[in-house]
Amino acid sequence: MDEIVIQTEGLTKIFGDFTAVDAITFEVRKGEIFGFLGANGAGKTTAMRMLCGLSIPTSGKATIAGFDIYKETESIKKNIGYMSQKFSLYEDLTVLENIRFFGGIYGLSNAEITNKSEALIQQLGLTTVADTLVVDLPLGWKQKLSFSIAIMHQPKIVFLDEPTGGVDPLTRRQFWELIYEAAHQGITVFVTTHYMDEAEYCDRLSIMVDGKIKSLDTPHDLKKQYEADSMDEVFYKIARMAQRT
Amino acid sequence: MEAVVAENIIKTYQGKTAVNEVSFQVKEGEIFGLIGPDGAGKTSIFRILTTLLLPDGGKAQVCGWDVVEDYEPIRNSVGYMPGKFSLYQDLTVEENLHFFATVFKTTIQENYHLVRDIYVQLEPFKNRRAGKLSGGMKQKLALCCALIHKPKVLFLDEPTTGVDPVSRKEFWEMLKKLKEQGITIVVSTPYMDEAALCDRIALIHSGSILSIDTPERLVDTYGNALYQAKSSNMYLLLKSLKEMENINSYAFGEYAHISVHNENGIGVDEVTKRLREKGLDDIRIEKAEVTIEDCFIKMLGE
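Residues numbered from 1 in each chain as written. Chains lettered and ligands numbered in written order. Predicted model: local features only at pLDDT ≥ 70, side-chain atom pairs only at ≥ 80, totals over all residues.

Topic: the overall build of chain B
Next up, step 1: Per the secondary structure count, chain B includes 11 helices and 14 strands.
Next up, step 2: Reported as C-alpha extents along the three principal axes, the dimensions of chain B are approximately 70 × 45 × 35 Å. (Helix = DSSP H or I, 4+ residues; strand = E, 2+ residues; numbered from the N terminus.)

Observations concerning the environment of A:Ser206
Residues and elements named next belong to chain A.
Next up, step 1: Assignment of secondary structure puts Ser206 in strand 9 (residues 204-209).
Next up, step 2: Using a count of 21 C-beta atoms within 10 Å as the deciding quantity, one classes Ser206 as buried.
Next up, step 3: Ignoring anything within four residues of it in the chain, the contact list for Ser206 reads Phe26, Phe36, Leu37, Ile213, Ser215 and Leu216. (Buried ≥ 20, exposed ≤ 12 C-beta atoms within 10 Å, placed from the backbone. Contact = placed C-beta atoms within 7 Å.)

Some points on the interface of chain A and chain B
Next up, step 1: Every contact between the two is made by 28 residues of chain A and, on the other side, 26 residues of chain B.
Next up, step 2: Counting residues per element, the side of chain A that touches chain B draws most heavily on helix 6 (residues 169-184) of chain A, which supplies six residues.
Next up, step 3: Of the residues contributing to the side of chain A that touches chain B, the split by class is 14 nonpolar, seven polar and seven charged. (Nonpolar A, V, L, I, M, F, W, Y, C, P; charged D, E, K, R; others polar.)

Some details on the pairing of strand 4 (residues 59-64) of chain A
Next up, step 1: Sheet analysis places strand 1 (residues 4-15) of chain A next to strand 4 of chain A, joined by five bridges and oriented antiparallel. Within the sheet, the bridge partner assigned to A:Ile6 lies in strand 4 of chain A and is A:Ile64. (Pairing = 2+ DSSP bridges.)

Considerations on helix 9 (residues 234-243) of chain B
All names here are of chain B.
Next up, step 1: Buried within helix 9 are the following residues: Leu237, Leu238, Ser240 and Leu241. End-on view of helix 9: buried residues confined to an arc of 165°, all on one side of the axis.
Next up, step 2: Buried residues in helix 9 make contact with strand 11 (225-230), strand 12 (247-252), strand 13 (255-260) and helix 10 (268-277). (Arc of directions from axis to C-beta.)

Points about the sheet that holds strand 3 (residues 31-35) of chain B
All names here are of chain B.
Next up, step 1: One open sheet holds the six strands; their spatial order is 6-7-8-3-9-10, and the pairing between them is mixed. Edge positions in the sheet fall to strand 6 (78-81) and strand 10 (208-213), since each has one partner strand and no second. The mean inter-strand angle of the sheet, taken between neighbouring strand axes irrespective of direction, is 15°.
Next up, step 2: Where strand 3 lies against strand 9 (residues 200-205), four bridges are found, and the strand directions are parallel. Within strand 9, the residue paired with Ile35 across the bridge is Leu203. (Axes fitted to C-alpha atoms, helices over the stretch in contact; angles between N-to-C directions.)

What about the sheet that holds strand 3 (residues 33-38) of chain A?
Residues and elements named next belong to chain A.
Next up, step 1: Across the sheet, which stays open at both edges, the six strands sit in the order 6-7-8-3-9-10 with mixed pairing between neighbours. With partners counted over all chains shown, the strands left at the sheet margins are strand 6 (80-84) and strand 10 (212-217), one partner each. Pairwise comparison of adjacent strand axes, ignoring direction, gives a mean angle of 15° for this sheet.
Next up, step 2: Sheet analysis places strand 6 next to strand 7 (residues 157-161), joined by five bridges and oriented parallel. Bridge pairing links Ser84 to Asp161 in strand 7.
Next up, step 3: On the sheet, helix 5 (residues 139-150) packs against strand 6 and strand 7 and is oriented at approximately 165° with respect to strand 6.
Next up, step 4: Packing against the sheet, helix 9 (residues 231-239) makes contact with strand 3, strand 9 and strand 10, and its axis sits at approximately 30° to strand 9.

Focus: the nonpolar core
Within soluble globular proteins, side chains that are nonpolar generally end up buried alongside one another.
Next up, step 1: Grouped together as the largest cluster of nonpolar side chains are 154 residues, with contacts concentrated most on A:Val158, A:Val189 and B:Ile185.
Next up, step 2: Residue contributions to this core peak at eight residues, all from helix 5 (residues 135-147) of chain B.
Next up, step 3: When near neighbours in sequence (up to four residues on either side) are disregarded, A:Val158 contacts A:Ile80, A:Gly81, A:Ala150, A:Ile151, A:Ala182, A:Ile187 and A:Val189. (Core = buried A, V, L, I, M, F, W, Y, C linked by C-beta atoms within 7 Å.)

Here it is as structure tokens:
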């Protein structure tokens, strides 16, 4: 049995009289690519913020990389990576400066940072633009750099919030090659996306509706269960059950 | 008559070319899609056509008027929904709609038939401030506000970015109905599956148009032979395919797509044989249906 790196039980978040996340219970294994799907407003972002130790749950239990979500949020933050479409890199720093900056934030030593910077820049083919401001990079490059920085401290889990929004189809795939590679190295990938073809790349998927996890299975079994030809169809069938607006 | 004509339009920002001699025509009553990723130049094109930005070169007409000389009549004849939510956040739903109707010297009543189908979904929240609406609701309100002066041409800049698949489908149903009312629609999107819903599309990348055609014809002229492969070990399958020369391969949903050049490419039997040698015993390869996304990927590679 593989190690469990995310475990939640009845995890709930209530804002006033609105239950954003309603008693979700699930487990994610080491090295798994776990897709976290749901319509806008289903509660994905709130759930993800709790899992990252950024928001204290109203009730329920969870451990992330073995740490308690109430008491050990600082340890959680050291053991995870995070990347979203909205926040990723500092645009007015260069590629190299960004790497060094985040290396420092993640607590790497100077020697480690120097080694990692070189390796990263080579691996991503960014040698010619190492001293270019990030604002001048094409979006696809930014996304790849941002992902590599999110995992440079070898976290147990990396959280990706719609990482490929607006990126061209070729770059989107190159980005997923990086995800596959990271998972292969044992990093657990927790990812949200609105692209249903990307949902197919995940080992398992959960689909949230109105704050609850409505379905959780492999893409293959979800399609079987909902008698659908594609994940698009599965999503449509499930998300349509939503009551709240 | 053509609703929109763009002839070699150019836009540069601080020496960088954002729009590079882009030309296209949109017929009256058509849904025309500008399909491409962020940074392709879509927004600059929209802003030039809606007279909000001056081109550095080239010419464009909307409803027969020149975008530089005749900006006033154009502004009265087009509706524009920018990619970024641009309504007044601290006005209510109803106040926003009323405001935009007044600016264009009309009333909600006069053109209510155009927005009715969409506005009924917003009606329960008509006293809510726009800033407090959910993403899907904001988008519907923005569409209503862009329609309330009965525009001839509607410009929608990435109306569905970041929107979930269910709301995206609903949005495109609305566009179809607007088209039936005779409104010309120019819409941009990074989602390739939405391209198939347009009458004609322009694929755009790095400021240049790669191709303009109907979705059907674009797919028909793909050129290469396309296969889909599947195995229980997709990671190894994709990795092994990448190592092979003379074919192009990439993940495509639950399959790997393999694009083989009709003359120079190696045969599919050879591909299968080589994959078996890698230990992929359960591999299944069959002919695949070409999609717009396959076309775009092929063009990006060329």
